[in-house]
Amino acid sequence: MAGHPSLPSPQGALSSEAEQFWIQWVEAAFPDLDSRAYFLPPVYFNRVPMTRQSAAGQNVLVLQSTPKPPVKLMGLEENLGDLLSSSEINTSSNVDEKTSNHLKTVPSPAQDSIPQPAPVQDSDIRNDAAMQRVLFSLQKLSEKTKEVLVGISQLQFGQYLGEPCYAAAAKHLPRPDTLPSPLSRKRKEGDFDVLLIHRQYGLVICEVKAFGDNLKDLSMKQQDIDKNIRKKLKDAITQLDKAEAMLSHLVSDIAPGLRISKTIAVPNLTAHQVQQAVSGDFNFAQDMCRCLGTTDLSAITGLCLCSDQMSDHTTPGDVSSDVLREMENWWQRRVAETGPDSHMTCHVYKTLVARFCGPATTVTILCTSSPRLCVKTLGQAVSWTGECYTALITLFPEQVDLLNTAPLRVFVAGPPGTGKTVVLLLMGTEWLRCGHDVYIVSSFADSRASCIMLYHLLLQSLNTLNKQVAGGTTPGQLHILQYEFDQTQDEDVEKAVNDLTQAARGGSVYVIADEAGGEFKTFCDKLLTRVPRLHLWAASCFHAYAPAGWQVEYFTRPLRSPPAVIREVEKDGFITDRYVHGYSDRGVCDHTDGPPVRRLFHRGQGHSRRVSPVNCVTCGLEVASFLRSLNVGARENTPKKSATATSTSGGATPPCLQWRDVLVLYHGEVIYKPVIAKSLKAAGIPVRVVNDDDIENIATARSNVLWVVNGEFVRGLERKVVVFLESTGVVFTRLHVLSRCTSQLVIVSP
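**Notes on the packing of helix α7 (residues 222-250) against helix α9 (residues 282-292)**
Working step 1: Where α7 contacts α9, the axes come no closer than 11 Å and their chain directions differ by 35°. In this structure, the crossing between α7 and α9 has a hand that is left-handed. Where α7 abuts α9, its residues R230, L233, K234, I237, L240 and D241 lie against F284, D287, M288, R290 and C291.
Working step 2: Considering only residue class, the contact of α7 with α9 consists of six nonpolar, no polar and five charged.

The following block contains the structure:
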């Protein structure tokens, strides 16, 4: 490359070579770049108000609807949340830090504690909600109209070509710090709220203003409302002018004169409210016309994105057909009406995407703690979504209160993913810390995986507690007992009662029972008559298993799955028929809506009608193709060439998805080994079908393989990616199957 005659200097050769690499990078990261829309980050991440509550060097995060002072949570542990997800659990008595880079144990007081999350203001929450609605609408529009574009949200000027490792290659390219302007310092500081790089129409800049969502609460006069709207729109004009000047400079060496369209999004204001405010000030209206590129005062609101063209703020992800029609009309007026831009060739398009989305530019998400994360690909977004919901213990205030109150006997009920297992884990840890032996009781086959997982999590807590003993109370011992509380096997109930009665000390015994079922109430009644100071905390989705007279706590606020998954789970017949309480409002924003549910269909060429998806070779190949698109296992296979594994100094990347992060679940009995496992294996995926002897392995995620398993056998376990092979006419499978997903849900429908 250095000897190419068209290159004026070694520095130019370096830039050209780097640019070719950047183009190859985006072609690998976004394989359908020429035919569909991509958004960076692929899902929007909100800032969530949380406080760290600590005692004796241990930490837990508590979600806060409104800012509140910290409340101490005595004796409970911090980093166990990561172990509840797909991370490997060390099953030996000694924790080996080298066994898995995912493995996290309870830290000792000498270790660094979780930093206090940065405060999240009401304005942050409003801004995130507004941005999310805009992006939802743009994404749905691009899907419907088949737009070919790349959208980037909240890109700081300084992040463009800002990666130090590419500084030499970018030295002779237009950069933010080389913007020629007497106000260059101020102009260098800013961001693009939303930047669209369109294959035909050039560049579109959108400034998002959240003002207007609380107008009813402010009790302002109409003239004051109009004045405030104008103020926000004036700010938007200033920022758009700055962004346009910066963008023109950055692309000047690629395509001088490339069209730049500007727009303002006000998701909380109607077109009528905007028009009323604009018409009240002629000079301001003229400035709006200049900014939006029109001479028609009446056209101003039609060139802005108002609440009329977007989904309802209470259901931002529900973009109706009516909303899409309004979005299409806006897109035609603002972007498409003047036709394609002749400057935007295929080469220019790829070069722009390579510059703005390639490895030299950092696209980060807003975080409440360091470091800021670089999230560009769907695989990275899937990984980080799972981390948000499971990497650290996170609770609601009422769950903290329950743990602090610590009643003797509690039955926790509620739909999946509401924190039931987490609370049992923390209570068991507290009992061990106080020197009590703890007995984990598995009451029937479907609770095996969850109870085995709890056992190994508590075993790790116990190992850490033993290391921390220095003249204090010696921790208790841990036991796991497996029974079958079936109506046809009363002897197991009697055996369990006898076993625990003999284990009791001073009339007390400490029992944890997750996924309680079968004749659980009979077991509890009999045990209580023989052990008067029985300490027993149990959990189940089904409130009917609660023993009479016990304290029953209902957890209904979703905690461990994003809304995209929860919306699918709550369609289950057990919830709609009231056997399980439905989900309630979180009262605090979610980390993200989550990656959209991916739907595949068992139909068309290559699919056999005579078999279900679990025995379809073609379904397996399609699932394998999607998992490969997420770069699952890419770090192990190509650590130096994986696009998603690229490390940047401007922002850390989420952990690469591993095969242990994936479950393929079906419903019902399969007589022979599922055929889909064979096609996954043929696609080069390390896959295993679960046998009875494998429950401990899958519960601890010890092997880095993709498991194919009946969904009933993995209750209580969680994975970032869940593929559900749906059966025809079954409405009672979503509860225990889809709820295992903490990020990307894939449904293969018959």
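Next comes the rest of the write-up.
**Side note on the pattern of salt bridges**
Working step 1: The final tally for this structure, using the stated rule, is 33 salt bridges.
Working step 2: Between R586 and D590 there is a salt bridge, and its shortest N-O distance comes to 3.4 Å.
Working step 3: Several salt bridges converge on common partners, so that one network encompasses D241, E244, K262, D287 and R290.

**Concerning the packing of helix α15 (residues 420-433) against helix α16 (residues 448-468)**
Working step 1: As a packed pair, α15 and α16 sit with axes 10 Å apart at the nearest point and diverge in direction by 35°. Our pair here, α15 against α16, has a crossing hand that is right-handed. Residues T421, L424, L425, G428, T429, L432 and R433 of α15 touch α16, and the partners they reach there are S450, M453, L454, L457, L458, S461, L462 and L465.
Working step 2: Of the residues belonging to the contact of α15 with α16, the class tally is nine nonpolar, five polar and one charged.

**Looking at the nonpolar core**
Working step 1: Within the largest apolar cluster, 71 residues are counted, with the highest numbers of intra-cluster contacts made by L352 and F356.
Working step 2: With ten residues, α7 is the largest single contributor of residues to this core.
Working step 3: Sequence-distant contacts of L352, defined by excluding residues within four places in its chain, comprise I197, L203, V251, I254, L258 and M344.

**So, the sheet that holds strand β14 (residues 478-482)**
Working step 1: One open sheet accounts for six strands, arranged β14-β13-β15-β16-β12-β17; its pairing is parallel. Across the chains shown, the open sheet's two edge strands, defined by having one partner strand only, are β14 and β17 (551-554). Mean inter-strand twist for the sheet, computed between neighbouring axes without regard to direction, equals 20°.
Working step 2: In the sheet, strand β12 (residues 409-413) pairs with strand β16 (residues 533-540) via five bridges, with the strands oriented parallel. Bridging from a neighbouring strand, V412 pairs with A539 of β16.
Working step 3: In the packing of α15 onto the sheet, the strands contacted are β12, β13 (438-442), β14, β15 (508-513) and β16, and the crossing angle to β16 comes to about 155°.
Working step 4: Packing against the sheet, helix α17 (residues 490-503) makes contact with β13, β14 and β15, and its axis sits at approximately 175° to β13.

**Remarks on the packing of aromatic side chains**
Working step 1: One pass over the structure, following the stated rule, counts 15 aromatic pairs.
Working step 2: The positively charged end of R36 is found above the aromatic ring belonging to Y38, 3.9 Å away from the centroid.
Working step 3: Here the guanidinium or amino end of R603 rests over the ring plane of F601, the centre of that ring lying 4.4 Å away.

**Some points on the environment of V614**
Working step 1: Tracing the sequence through the fold places V614 in the loop between β18 (598-601) and α21 (617-629).
Working step 2: Residues within four places of V614 in sequence aside, it is in contact with Y666, V670, P674, V675, I676 and L725.

**Some details on the sheet that holds strand β23 (residues 741-749)**
Working step 1: Ordered in space as β18-β23-β22-β19-β21-β20, the six strands form an open sheet in which the pairing is parallel. Every other strand in the sheet has two partners, leaving β18 and β20 (687-689) as the edge strands with one partner each. Sheet twist, expressed as the average angle between the axes of neighbouring strands with direction ignored, equals 20°.
Working step 2: Sheet topology places strand β22 (residues 719-725) next to β23; six bridges connect them, and they run parallel. Of the residues in β23, the one forming a bridge with R719 is C741.
Working step 3: Running at roughly 125° to β23, helix α13 (residues 378-390) makes contact with β22 and β23 of the sheet.

**Concerning the side chain of R334**
Working step 1: Positionally, R334 belongs in helix α11 (residues 321-336).
Working step 2: Here R334 sits buried without a salt bridge, and the closest side chain of opposite charge, E337, lies 8.0 Å off (N-O distance).
Working step 3: For R334, the residues in contact, after removing those within four places along its chain, are S261, K262, T263, L292 and L303.

**Considerations on empty space enclosed by the protein**
Working step 1: A full pass over the atoms with the stated rule returns five cavities of 30 Å³ or more.
Working step 2: In this structure, the largest cavity spans a volume of roughly 200 Å³.
Working step 3: Along its surface, the largest cavity is lined by 18 residues, and G417, T421, G716, E718 and R740 are the ones closest to its centre.
Working step 4: Across the lining of the largest cavity, the residue classes break down as four nonpolar, seven polar and seven charged.

Conventions used here
- Residues numbered from 1 in each chain as written.
- Predicted model: local features only at pLDDT ≥ 70, side-chain atom pairs only at ≥ 80, totals over all residues.
- Heavy atoms only, no water.
- Axes fitted to C-alpha atoms, helices over the stretch in contact; angles between N-to-C directions.
- Helix = DSSP H or I, 4+ residues; strand = E, 2+ residues; numbered from the N terminus.
- Left-handed = near helix turned anticlockwise from the far one by under 90°.
- Contact = heavy atoms within 4.5 Å.
- Nonpolar A, V, L, I, M, F, W, Y, C, P; charged D, E, K, R; others polar.
- Salt bridge = Lys/Arg side-chain N within 4 Å of Asp/Glu carboxyl O.
- Core = buried A, V, L, I, M, F, W, Y, C linked by side-chain atoms within 4.5 Å.
- Buried < 20%, exposed > 50% of the residue type's maximum accessible area, 1.4 Å probe, protein only.
- Pairing = 2+ DSSP bridges.
- Phe/Tyr/Trp six-rings, centres within 6.5 Å; stacked < 30°, edge-to-face > 60°.
- Lys NZ or Arg CZ within 6 Å of the ring centre and 35° of its normal.
- Lys, Arg positive; Asp, Glu negative; His and termini not counted.
- 1 Å grid on protein atoms, 1.4 Å probe; cavity = no way out; pocket = protein on both sides within 12 Å on 5 of 7 lines; lining within 4 Å.
- Points joined across faces, edges and corners; volume = space filled by probe spheres on them.

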